[in-house]
Amino acid sequence: QPIKYSKVEFHAWKYQDTPALWAYLYEVLADNYFCSTEIENLKTEGKINYQKDKKVLKYKKLQILTWLKGRLFKFKRTVNLNHSRIGINPFLNFISSLILFSLWLFLSFKLKLELIHFIISSLGLLFSLKFLYLYFKFKPKAASIIRKYTSRISFKTHLGLQAEIQKEIVSLLKAWIKEKNISKNKIVLFVDDIDRCSENKVIQVVDALRVMLENSEVSKRLLIIAALDERVLKMAIHFKYHNFLSE
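Residues numbered from 1 in each chain as written. Predicted model: local features only at pLDDT ≥ 70, side-chain atom pairs only at ≥ 80, totals over all residues. Heavy atoms only, no water.

J.: Can you walk me through the packing of aromatic side chains in this structure?
T.: The geometry of an aromatic ring pair is captured by the separation of the ring centres together with the interplanar angle, meaning the angle of the planes. In the structure shown here, the tally under the stated rule is three aromatic pairs. Both rings, one in Phe 10 and one in Tyr 24, keep their centres 5.2 Å apart while their planes meet at 35°; by these two values the pair is tilted. Separated by 14 residues along the polypeptide, Phe 10 in strand S1 (residues 4-11) and Tyr 24 in helix H1 (residues 18-33) bring together distant segments of the chain. With respect to burial, Phe 10 and Tyr 24 carry one shared label: buried. Note on Tyr 33 and Phe 34: the rings are 5.0 Å apart at their centroids and 75° apart in plane angle, and the pair reads as edge-to-face. Grouped by ring-pair contacts, the aromatic residues Tyr 33, Phe 34 and Trp 176 constitute a single cluster. (Phe/Tyr/Trp six-rings, centres within 6.5 Å; stacked < 30°, edge-to-face > 60°. Helix = DSSP H or I, 4+ residues; strand = E, 2+ residues; numbered from the N terminus. Buried < 20%, exposed > 50% of the residue type's maximum accessible area, 1.4 Å probe, protein only.)

Below is the structure:
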């Protein structure tokens, strides 16, 4: 089966500072992730048909349909992306809490009293009060102790903005191309205008792209094609490593 390629254009010269470069790269990928070719084709088709027959009502209906489809597409993509970012557990916790709250809300006052009476009679009033007291008193300490023995130490929060953006790019690409579709779909990042960057920034841009591809989740989904004047690249290498090369 032929591979389907999604083309993304990235103009490297616009933001040459490393954090801004990573942020701009994420925004470019995200804009393309939320862009639907089908929706854009509908818009184009509507404009062409309107220019031909000048049917305003038909054009307005198509505009509304396109708007609704676009909203639904973006909603589905947003949910898919956030599922890739934070997982399903927070959503399940929210739903279970909402169900329990709803059940309690719709129970009659009599049933609520009977439920409270059943709990107290089963556990005993003093035991129930003591349990609630101990629960609220030691819950934070118990949770802290459990976390100390079951979680690993991490210093990811100190890695800076670049690491955070790179993490979000990985989540975005995983949402864009699922594991089962890696053999069928690829994203081609066409990097242009690197040679418009200053000599000391050319290597930074190339290094940023290389670092991104070192992540296996990225390299499985993303292909990078860079348009660069070979002479500019040689000058940039010489500019950065002139002391080493002179030796």
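Still to come is the rest of the account.
J.: What am I meant to see in the packing of helix H8 (residues 199-213) against helix H10 (residues 230-240) here?
T.: For any two helices packed against each other, one specifies the inter-axial angle together with the distance between the axes. At a minimum axis distance of 8 Å, the contact between H8 and H10 shows a crossing angle of 100°. In terms of their interaxial angle, H8 and H10 are classed as roughly perpendicular. On the side of H8, the interface is formed by Glu 199, Asn 200, Val 202, Ile 203 and Asp 207, while H10 contributes Val 232, Leu 233, Met 235, Ala 236, Ile 237, Phe 239 and Lys 240. Classifying every residue of the contact of H8 with H10 gives eight nonpolar, one polar and three charged. (Axes fitted to C-alpha atoms, helices over the stretch in contact; angles between N-to-C directions. Parallel < 35°, antiparallel > 145°, perpendicular 65-115°, else oblique. Contact = heavy atoms within 4.5 Å. Nonpolar A, V, L, I, M, F, W, Y, C, P; charged D, E, K, R; others polar.)

J.: What is the right way to look at the nonpolar core in this model?
T.: Taken as a class, soluble globular proteins show a tendency for nonpolar side chains to be buried jointly. Phe 10, Leu 29, Ile 169, Trp 176, Leu 189 and Met 212 are the most contacted members of the largest nonpolar core, which has 36 residues in total. Those elements that provide at least two residues to this core are S1, H1, helix H7 (161-176), strand S2 (185-192) and H8. Per element, the largest residue contribution to this core is nine residues, and it comes from H1. Among residues more than four places away in sequence, those in contact with Leu 29 are Val 8, Ile 169, Leu 172, Trp 176 and Leu 189. (Core = buried A, V, L, I, M, F, W, Y, C linked by side-chain atoms within 4.5 Å.)

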